[in-house]
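Coordinates in review
Given next are the chains, with one letter for each unit.
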Amino acid sequence: AQELREWEQARSYYQQAIEIYIEYGDRYEQAGTLHELGRVAEGVGELSQAKSYYLQALQIFAEFNDSYTIQTYSLPRLVALYQQTQDEEIFVAAADILGVGVEELRGLV
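Residues numbered from 1 in each chain as written. Predicted model: local features only at pLDDT ≥ 70, side-chain atom pairs only at ≥ 80, totals over all residues. Heavy atoms only, no water.

**A look at the packing of helix α1 (residues 7–23) against helix α2 (residues 27–43)**
When two helices pack together, their arrangement is given by the angle between the helix axes and by the axis-to-axis distance. At a minimum axis distance of 9 Å, the contact between α1 and α2 shows a crossing angle of 160°. Relative to α2, α1 is oriented roughly antiparallel. Two packed elements cross with a definite hand, and for α1 against α2 that hand is left-handed. Residue-level contacts link W7, A10, R11, Y14, Q15, A17, I18, Y21 and I22 of α1 to E29, Q30, T33, L34, E36, L37, R39, V40 and G43 of α2. Each residue belonging to the contact of α1 with α2 can be placed in one class, and the counts come to 10 nonpolar, 4 polar and 4 charged. (Axes fitted to C-alpha atoms, helices over the stretch in contact; angles between N-to-C directions. Helix = DSSP H or I, 4+ residues; strand = E, 2+ residues; numbered from the N terminus. Parallel < 35°, antiparallel > 145°, perpendicular 65-115°, else oblique. Left-handed = near helix turned anticlockwise from the far one by under 90°. Contact = heavy atoms within 4.5 Å. Nonpolar A, V, L, I, M, F, W, Y, C, P; charged D, E, K, R; others polar.)

**Topic: helix α4 (residues 67–85)**
The terminal C-alpha atoms of α4 lie 25 Å apart, and with 19 residues this matches the ideal 27 Å at 1.5 Å per residue to within 8%. Its maximal kink placed at S74, α4 deviates by approximately 30°, while the proline P76 follows within four residues. Among all positions of α4, only T69, I70, S74, L75, L78, V79, A80, L81 and Y82 are buried. Buried residues along α4 sit against α2, α3 (47–63), α5 (89–98) and α6 (102–108). Once α4 finishes, Q86 follows within two positions and takes phi at roughly 60°, a positive value. (Expected span 1.5 Å × (residues − 1). Bend = angle between axes of the 7 residues up to and from the residue. Buried < 20%, exposed > 50% of the residue type's maximum accessible area, 1.4 Å probe, protein only.)

**Examining the pattern of salt bridges**
Applying the stated criterion across every chain, the model contains 8 salt bridges. Of the charged contacts in the structure, one is a salt bridge between R27 and E63, with a shortest N-O distance of 2.9 Å. Highlighted residues: R27 in helix α2 and E63 in helix α3, separated in sequence by 36 residues. On the basis of relative accessible area, R27 is assigned to the partly exposed category, the value being 35%. Judged by its relative accessible area of 41%, E63 falls in the partly exposed class. Between E36 and R39 there is a salt bridge whose closest N-O contact spans 3.3 Å. (Salt bridge = Lys/Arg side-chain N within 4 Å of Asp/Glu carboxyl O.)

What follows is the structure in structure tokens.
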């Protein structure tokens, strides 16, 4: 549904998935689903909601020390969102989650 840009259907599927992951306590899979919910929100222009989802996903990936996913998926999406919004809070929040300074974070991206 997401690839077909059927945003509301994709959102519905991801919401169902995250409820299942929460029910079964699968925190790591919640992160991937939150990330995809962020992509859906971004796709429909809900940039503030996208930011929230992306940062929630980043928090979980950081808890799991998944630096590959952070570097490959989370940070690039957050940078793309920043480029659309110029919202400095994106970098401030991400830096806080990762335990680095904002300038150090900028160096990573």
